[in-house]
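What the coordinates show
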Amino acid sequence: MDSQTTSSARYSRGAVILHWLIAALIALNFAAAWYAQNQPRDAAMQIMGNHKAIGISILLLTLVRIGWRLTHRVPAPSADLAPWEVTLSKIVHFLLYGLMLGIPLGGWATHSAFSGGKPVSMFGIVDFPGLPFAQNKDLGETFGGAHGTFATVMLVLLALHVAGALKHRIIDKNTQALARMSLRR
Ligand code: HEM
Ligand code: HEM
């Protein structure tokens, strides 16, 4: 495990792969939810079926990632960062993890309330169980509202997250900052 305290310390390969795999799936799920909104009903249902399966995959991968995070050391913060930057990035990362769980849990609850606890089909290959709810449109709308609000909050945090990464790269001219999470070794 890489536990260097210099600014060249990097996240391990497993952490990096999980970071970018989950980031790509989250981007895809935002795109799917937005695209489905302007589609005819049948197409929208099919896209949302994939949205749900991708979302459950994100939930499961996030559980692996958090389990991994709690049992491994991560590289020390870059020595070039000001203390406020270290604190802010820690808060943003913590909130992002919370939303990486909270958003799919909210979506799962939405689906379960609307459908009366039907399973989520994982791309037609296996079923992921629904939460044991009786069918309840009002409850579905409440969960759906929370799901959408959480997703909006995530977009704000992601803007901060990416702005932080770009600030280190462009303003601070710190070429190591992005390299910590780079797929290129
Ligand atoms: C849906 C998209 C994304 C999510 C959910 C996400 C989430 C996270 C989380 C939770 C961490 C903390 C890792 C840890 O210490 O456990 C992290 C680190 C990091 N992310 Fe992202 N990220 C996303 C997209 C991006 C993008 C687009 C960039 C680049 C522009 C980026 C660059 C980084 C970097 C450089 C780090 C390491 C920070 C450090 O050195 O301490 N991320 N990300
Ligand atoms: C990180 C994963 C996910 C992201 C980023 C995400 C994002 C979104 C977004 C942006 C919307 C549109 C919200 C709006 O218009 O207010 C949406 C809607 C929806 N999502 Fe997700 N979602 C995720 C996971 C899930 C999961 C796991 C499920 C179900 C198993 C799900 C089920 C739904 C449903 C049913 C809707 C429509 C809600 C309604 O009609 O009120 N989502 N999602």
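Described below are features of the structure shown in this document. Because the structure is predicted, anything quoted here is derived from the model rather than measured.

With that settled, the discussion passes to the site of ligand 2. Q37, M48, H51, G107 and H147 are the nearest of the 20 residues found near ligand 2. At 2.9 Å, a side-chain N or O of Q37 approaches an oxygen atom of ligand 2. When each cavity is represented as a set of grid points, ligand 2 is found to reside in the second largest pocket. Every element with two or more residues in the shell around ligand 2 is listed here: α1 (13–36), α2 (41–71), α3 (83–115) and α4 (137–171). When residues in the shell around ligand 2 are grouped by element, the largest group, 6 residues, is from α2. Considered class by class, the residues forming the shell around ligand 2 number 10 nonpolar, 9 polar and 1 charged.

Turning our eyes to something else, we now look at the site of ligand 1. Taken together, 18 residues form the shell around ligand 1, and within it H19, R69, Y97, H161 and R180 come nearest. In the environment of ligand 1, a nitrogen atom lies 2.8 Å from a nitrogen or oxygen atom belonging to the side chain of H19. H161 is positioned with one of its side-chain polar atoms (N or O) 2.8 Å from a nitrogen atom of ligand 1. Under a 2 Å grid-point criterion requiring more than half of the atoms, the pocket assigned to ligand 1 is the largest pocket. When contributions to the shell around ligand 1 are tallied by element, the ones reaching two or more residues are α1, α2, α3, α4 and α5 (175–179). Residues belonging to the shell around ligand 1 are distributed by class as follows: 12 nonpolar, 3 polar and 3 charged.

Rules of the game
Residues numbered from 1 in each chain as written. Chains lettered and ligands numbered in written order. Predicted model: local features only at pLDDT ≥ 70, side-chain atom pairs only at ≥ 80, totals over all residues. Heavy atoms only, no water. Near = heavy atom within 4 Å. Polar contact = N/O pair within 3.5 Å; in protein donor to acceptor, adjacent residues only side chain to side chain. 1 Å grid on protein atoms, 1.4 Å probe; cavity = no way out; pocket = protein on both sides within 12 Å on 5 of 7 lines; lining within 4 Å. Sits in = over half its atoms within 2 Å of the grid points. Helix = DSSP H or I, 4+ residues; strand = E, 2+ residues; numbered from the N terminus. Nonpolar A, V, L, I, M, F, W, Y, C, P; charged D, E, K, R; others polar.

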